[in-house]
Amino acid sequence: PDPHMNMPHITVLRAPADEQSGFSLVELMISIVIGLVILAAMVALFVNSSGANRELARANSLVENGRLAIELLESDVVHAGYWGAYMPTFDDQTFGDIPADAPSAVPDPCLAYDTPWTAQHALNLVHVPVNVYDSNAVCAGVVVDQQATTDVLVVRHAELCEAGSGGNCEADIPGNVYFQSTRCATDADRYRFGTEDDTTFDLKQMDCLADTEKRKFISNIYYIRDWAVNAGDGIPTLVRSSFNLDGVVPAHQDAVAMIEGIEGFRVELGIDDRSNAYLGEPTGTPVNYAEAVDWLDPDTRTTPTNRGDGSPDGAFITCTTADPCTVDELMNVTAVKIYVLVRSREPAPGYTDTKVYQVGDSVMGPFNDGFKRHVYVSTLRLPNIAGRRQTP
């Protein structure tokens, strides 16, 4: 018999296969819209972030250029009147006779050395270490393409290190102009000024045996040029012309661009032309270098009545073509106030500069353009001049 004949029949039921289906048209459109919204948000975020970064870069550039300009000018101006150990007798309050070395005239700052320089011209250069002009009238061949309503600043001093001593001090170059002062009481000259071709630099140290150091003559002219790299590019730039050897003759060289975006530049001078205030003369008395120093009390020697005291008297002054500073004023400069107007390198989209800026005695603006601007001001004491005039 068949063993399977009496087994019950088993029926296996299978579940129907899952139906295959994709996104519907509505779902697809919703997905695209959501993606576009997210993409638009990301683009807007990127644009805003890029704009903020560009604006931050413009602001940083504006601040950086302004600070650099002020620091550059400060680092040079503060050394005005430094001539090593040399001190003019009109500033030497221990000098008992009538000073004979007061400058006689305002020196031409751009006179080439082969003119030639006279001894009096060299003396005037040494004793008038700072001067300001409001035009290129004096240095027409050196100051070119000057920005309108800006000043020209002249700064003179000796190099801070000995010529050829290494480090940051350049080598002793025959033909350059150098300055040497004496510390020896028996030397006939108090200083020597010139090139090795026409000057013997043999002034002595205090022991009257060894020669004193020889320092390069430094003369820098700062002004604002109305272009940076190419004439007509419209980028106002702080430039500097330095007195140097051009291979043949020592003279002021072509200006070199220092910092771009400097649009305004004014300089004011603080004049120390009165003595210390004292009882009976609350504002002091005028300086008088035609007389020996006159002490209020010869025993204490704390208050000279006809010499300056190192501090500016009255308001700071400006030097203009119509009213140039006199030699009597310039030989008594003990402080300098510098104004710098800086503009951003690029215009800011959607911004219009309608402000006015007080730059010294000048009002600049409104410019009605897209550049952002800021005024920087610095007042400097000239320690090499003011320090000589202070008394205990």
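Rules behind the numbers
Residues numbered from 1 in each chain as written. Predicted model: local features only at pLDDT ≥ 70, side-chain atom pairs only at ≥ 80, totals over all residues. Heavy atoms only, no water. Helix = DSSP H or I, 4+ residues; strand = E, 2+ residues; numbered from the N terminus. Polar contact = N/O pair within 3.5 Å; in protein donor to acceptor, adjacent residues only side chain to side chain. Patch = residues over 30% accessible without salt bridge, like charges linked within 9 Å, V, L, I, M, F, W, Y side chains within 5 Å. Areas by Shrake-Rupley, 256 points an atom, 1.4 Å probe, with all protein chains shown as cover. Salt bridge = Lys/Arg side-chain N within 4 Å of Asp/Glu carboxyl O. Buried < 20%, exposed > 50% of the residue type's maximum accessible area, 1.4 Å probe, protein only. Phe/Tyr/Trp six-rings, centres within 6.5 Å; stacked < 30°, edge-to-face > 60°. Lys NZ or Arg CZ within 6 Å of the ring centre and 35° of its normal. Pairing = 2+ DSSP bridges. Axes fitted to C-alpha atoms, helices over the stretch in contact; angles between N-to-C directions. Contact = heavy atoms within 4.5 Å. Core = buried A, V, L, I, M, F, W, Y, C linked by side-chain atoms within 4.5 Å. Disulfide = S-S within 2.5 Å.

> Pulling in residues and values, what's your account of the environment of Thr 320?
Here Thr 320 lies in the loop between strand S9 (262-271) and helix H3 (327-330). Sequence-wise, Thr 320 and Asp 151 are 169 residues apart; in three dimensions their C-alpha atoms are separated by 8.8 Å. One polar contact links the side chain of Thr 320 to the main-chain amide nitrogen of Asp 323, over a distance of 2.8 Å.

> Describe a nonpolar patch on the surface, listing the residues and the values that go with them.
Taken together, the side chains of Phe 23, Leu 25, Leu 28, Met 29, Ile 32, Leu 36, Leu 39, Val 43, Phe 46 and Val 47 define a hydrophobic patch exposed on the protein surface, amounting to about 1,100 Å² of accessible area. By the element assignment, Phe 46 lies in helix H1 (residues 25-77). When its relative accessible area of 59% is taken as the criterion, Phe 46 is described as exposed.

> Lay out the packing of aromatic side chains with the relevant residues and their values.
The full count for this structure, using the stated rule, is 14 aromatic pairs. The interplanar angle of 35° and the centroid separation of 5.4 Å between the aromatic rings of Trp 117 and Phe 243 together place this pair among those described as tilted. One end of the pair, Trp 117, is in the loop between H1 and helix H2 (119-127); the other, Phe 243, is in strand S6 (residues 237-245), and 126 residues separate them in sequence. Here Trp 117 and Phe 243 have matching classes, each one buried. Among the aromatic residues, those joined into a cluster by ring pairs are Trp 83, Tyr 86, Tyr 113, Trp 117, Phe 179, Tyr 191, Phe 193, Phe 217 and Phe 243. Its guanidinium or amino end placed over the ring of Phe 316, Lys 337 lies 5.0 Å from that ring's centre, counting from NZ or CZ. In this structure, Arg 373 is placed above the aromatic ring of Phe 367, and the distance from its NZ or CZ to the ring centre is 3.8 Å.

> Give a detailed account of the sheet that holds S9, specifying residues and quantitative values.
Within a sheet, each strand pairs with its neighbour through backbone hydrogen bonds, oriented either parallel or antiparallel. The sheet built from three strands is open, its strands ordered S9-S10-S13 with antiparallel pairing. In the strand order of this sheet, the two ends are held by S9 and strand S13 (373-381), each with one partner. Ignoring which end each strand starts from, the neighbouring axes of this sheet average 15° apart. In the sheet, S9 pairs with strand S10 (residues 333-343) via nine bridges, with the strands oriented antiparallel. Paired with Val 267 across the bridge in S10 is Ile 338.

> Can you break down the pairing of S10 residue by residue, with the values?
Most of S10 is tucked away, with ten of its eleven residues classed as buried. As paired strands, S10 and S13 are joined by nine bridges and run antiparallel to one another. Among the inter-strand pairings, Lys 337 is bridged to a residue of S13, identified as Thr 379.

> Describe H2, with residues and values.
Within H2, seven of the nine residues are buried, which leaves it mostly tucked inside the rest of the structure. Considered for burial, the residues of H2 that qualify are His 121, Ala 122, Leu 123, Asn 124, Leu 125, Val 126 and His 127. The inward-facing, buried residues of H2 abut strand S2 (152-158), strand S3 (178-181), strand S4 (191-194) and strand S5 (215-225).

> Any details on the nonpolar core? Residues and values, ideally.
Counting residues in hydrophobic clusters, the biggest one holds 34 residues, and the most contacted among them are Leu 153, Phe 265, Leu 269, Val 336, Ile 338 and Val 340. Broken down by secondary-structure element, the contributors of at least two residues to this core are H1, strand S1 (130-133), S2, S5, S9, H3, S10 and S13. The dominant element in this core, judged by the number of residues it contributes, is H1, at six residues. Counting 16 residues, the second largest nonpolar core, distinct from the first, contains Tyr 113, Ala 122, Tyr 191 and Phe 217.

> Run through the state of the cysteines, naming residues and quoting values.
Here the structure, examined in full by the defined rule, presents four disulfides. Put simply, Cys 110 and Cys 139 are joined by a disulfide, and their sulfur atoms are 1.9 Å apart. Linking Cys 110 and Cys 139, the disulfide has an S-S dihedral of approximately 100° and is accordingly described as right-handed. Here Cys 110 is found in the loop between H1 and H2, whereas its partner Cys 139 is found in the loop between S1 and S2, with 29 residues between them in sequence.

> So what's going on with the pattern of salt bridges? Which residues, and what values?
Oppositely charged side chains may form a pair once their charged atoms are brought near each other. For the structure shown, the criterion picks out 18 salt bridges. The partner of Arg 389 in a salt bridge is Asp 272, and the shortest N-O contact between them spans 3.2 Å. Of the two residues, Arg 389 is situated in helix H4 (residues 383-389) and Asp 272 in the loop between S9 and H3; the sequence distance between them amounts to 117 residues. Look at Asp 272 and you get buried, because its relative accessible area is 0%.

> Account for unusual backbone geometry, naming residues and giving values.
Note: most peptide bonds trans; most residues except glycine with negative phi. Following Thr 115, the chain continues to Pro 116 via a peptide bond in cis, the omega torsion being 5°. Secondary-structure assignment places Pro 116 in the loop between H1 and H2. Cis geometry is found at the peptide bond from Gly 365 to Pro 366, where omega equals 0°. Although it is not a glycine, Asp 145 sits at a positive phi angle of roughly 55°.

> Describe the side chain of Ser 362, with residues and values.
Turning to its location among the elements, Ser 362 is positioned in strand S12 (residues 362-364). Looking at Ser 362, its side chain comes within polar contact range of the side chain of Arg 266, at 2.7 Å. Discounting residues that sit within four places of it in the chain, Ser 362 has contacts with Arg 266 and Tyr 357.

> Help me get a handle on the environment of Asp 309, residues and values and all.
Structurally, Asp 309 can be placed in the loop between S9 and H3. For the pair formed by Asp 309 and Arg 388, sequence separation is 79 residues and the distance between their alpha carbons is 8.6 Å. Excluding residues that lie within four positions of it along the chain, Asp 309 makes contacts with Asp 272, Arg 274, Ser 275, Asn 276, Arg 389 and Gln 390.

> Go over the side chain of Asn 306, please, and point to the residues and values.
Structurally, Asn 306 is set in the loop between S9 and H3. One polar contact links the side chain of Asn 306 to the main-chain amide nitrogen of Asp 294, over a distance of 2.9 Å. Other than its neighbours up to four places away in sequence, Asn 306 contacts Ser 275, Thr 285, Pro 286, Val 287, Asn 288, Glu 291, Ala 292, Val 293 and Asp 294.

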